[in-house]
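# Chains, contacts and geometry: an overview
Each chain is listed here by its residues.
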Amino acid sequence: MEGLKTAETEIVVHAHPSQSNKVHQALKQEMTSLLFKYNEALDGVVLAHSMELASPDAKIISGVVPYFGVRLAAKLLLFSPKKDMLLEGKVEKVSQNIINIVVLGLCSATVSADDIRGEFDFKTKDGEETCYSTRHKSHKIRVGTILRFLVKSWDAETLIISGSMVPKHTGCIRWLELKSKQHATPIRFYSQGSDVDSDFLPPPLKKHRSKVPDASGG
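Below, the structure is looked at part by part. (Residues numbered from 1 in each chain as written. Predicted model: local features only at pLDDT ≥ 70, side-chain atom pairs only at ≥ 80, totals over all residues. Heavy atoms only, no water.)

To continue, consider the overall build of the chain. Each helix and strand in the chain was counted, giving 2 helices and 13 strands. In the chain, which comprises 218 residues, the proportion classed as buried is 29%. Here the chain has roughly 14900 Å² of accessible surface; of this, 51% comes from carbon and sulfur atoms. (Helix = DSSP H or I, 4+ residues; strand = E, 2+ residues; numbered from the N terminus. Buried < 20%, exposed > 50% of the residue type's maximum accessible area, 1.4 Å probe, protein only. Areas by Shrake-Rupley, 256 points an atom, 1.4 Å probe, with all protein chains shown as cover.)

To continue, consider unusual backbone geometry. Positive phi is not limited to glycine here, since F36 has a value of about 60°. Mapped onto the secondary structure, F36 falls in the loop between α1 (23-32) and β2 (38-39). For F36, a relative accessible area of 48% corresponds to the partly exposed category. One non-glycine residue, D43, lies in the positive phi region at around 55°.

A word on the sheet that holds strand β8 (residues 120-125). Within the open sheet, the 3 strands sit side by side as β8-β9-β10. Their pairing is antiparallel. The outermost strands of the open sheet, each flanked by one partner alone, are β8 and β10 (140-141). When β8 meets strand β9 (residues 128-133), the two strands line up antiparallel, connected through 6 bridges. Bridge pairing in β9 links D121 to Y132. (Pairing = 2+ DSSP bridges.)

Looking now at the side chain of S133. Checked against the element boundaries, S133 lands in strand β9. Here H136 takes part through its backbone nitrogen, which lies 3.0 Å from a polar atom of the side chain of S133. Filtering out sequence-adjacent residues up to four positions away, S133 remains in contact with E119, F120 and H139. (Polar contact = N/O pair within 3.5 Å; in protein donor to acceptor, adjacent residues only side chain to side chain. Contact = heavy atoms within 4.5 Å.)

Membership of the largest hydrophobic core comes to 26 residues, with the highest contact counts inside it found for I99, I101, I141 and I161. Elements with a contribution of two residues or more to this core: β3 (44-60), β5 (86-94), β6 (98-103), β7 (107-112), β8, β11 (146-155) and α2 (173-183). Looking at this core, you find at least three residues from each of domain 1 (4-79) and domain 2 (85-182). Aside from chain neighbours lying at most four places away, what touches I141 is V91, V94, I99, F120, E129, T130, C131, L147, M165, G171 and C172. Counting residues in each nonpolar core, the second largest holds 15 residues, with L35, V46, V70 and L78 among its members. (Core = buried A, V, L, I, M, F, W, Y, C linked by side-chain atoms within 4.5 Å. Domains from an automatic or database assignment.)

Among the surface-exposed residues, M1, L4, L77 and L104 lie close enough to one another that they form a single nonpolar patch of about 310 Å² accessible area. You can see L4 is positioned in strand β1 (residues 4-15). For L4, a relative accessible area of 38% puts it in the partly exposed group. (Patch = residues over 30% accessible without salt bridge, like charges linked within 9 Å, V, L, I, M, F, W, Y side chains within 5 Å. Salt bridge = Lys/Arg side-chain N within 4 Å of Asp/Glu carboxyl O.)

What follows concerns the packing of aromatic side chains. In total, this model carries 2 aromatic pairs according to the counting rule given. Between F79 and W154, the aromatic rings sit 6.1 Å apart at their centres with planes inclined by 70°, giving edge-to-face as the arrangement. On the criterion of sequence distance, the pair formed by F79 in strand β4 (residues 68-79) and W154 in strand β11 is long-range, its members being 75 residues apart. The class of W154 is partly exposed, set by a relative accessible area of 21%. Aromatic rings pair up to connect Y38, F79 and W154 into one cluster. Above the face of the Y132 ring, K123 is positioned so that its terminal group lies 5.1 Å from the ring centre. (Phe/Tyr/Trp six-rings, centres within 6.5 Å; stacked < 30°, edge-to-face > 60°. Lys NZ or Arg CZ within 6 Å of the ring centre and 35° of its normal.)

This part takes up the environment of M165. Following the sequence through the fold, M165 ends up in the loop between β12 (160-164) and β13 (171-172). Placed 47 residues apart in sequence, M165 and G118 show a C-alpha to C-alpha distance of 9.7 Å.

A few words now on the pattern of salt bridges. Taken as a whole and assessed by the stated rule, the structure comprises 6 salt bridges. The salt bridge involving R71 is made with E10; its shortest N-O contact spans 3.5 Å. Remark: E10 occurs in strand β1 and R71 occurs in strand β4; sequence separation between them is 61 residues. Residue R71 is classed as partly exposed on the basis of its relative accessible area of 40%. Its relative accessible area of 49% is what places E10 among the partly exposed residues. Here K82 makes a salt bridge to D43, at a shortest N to O gap of 2.7 Å. Taken together, the residues K82 in the loop between β4 and β5 and D43 in the loop between β2 and β3 connect sequence positions 39 residues apart.

So far we have only geometry, and geometry alone does not tell us how the molecule works.
This is the structure:
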């Protein structure tokens, strides 16, 4: 899925002197406080992190006495969706007007009826709403479906994504992958002397023998 990236950066974590005898715990708490929130400096939502001390020395912070700063080297996993990226999420609700999706168990996404390509229609059967393709009967979207959609926009503050299912490569992931496999052309490579599948070979060239004129002139 697009929108995921890793970053390596140095971070200065501020800690109170009362935590000087348990610095590692204090640093871990501060780093944990960054999780699942949009960080403007990093341009993404922090999903995971690992850290190590960039320097063993702590420094009293000028103007923030008695706090001290510890410099960390951090590796971060970020979620940073951009317009026209392809994302995947689990469908939480299907209705005539909108499809609601949860991405990474963290962000909410919506695809309105105006942003769903024309081949899809809605129906209700036994109390269950289904968005289905009128061209491909097996292509259905219901609660629990893993859906691939295109990002139209995203609000970093509320973590809400507006999506689109207009492109043909969007829809139910399971159906898209099955369709892709059905249309894939296998490519096989063979070493010299191995058995070759004749279906993957061009037809043999016909040999033409040129007639050599009789030197005797006969």
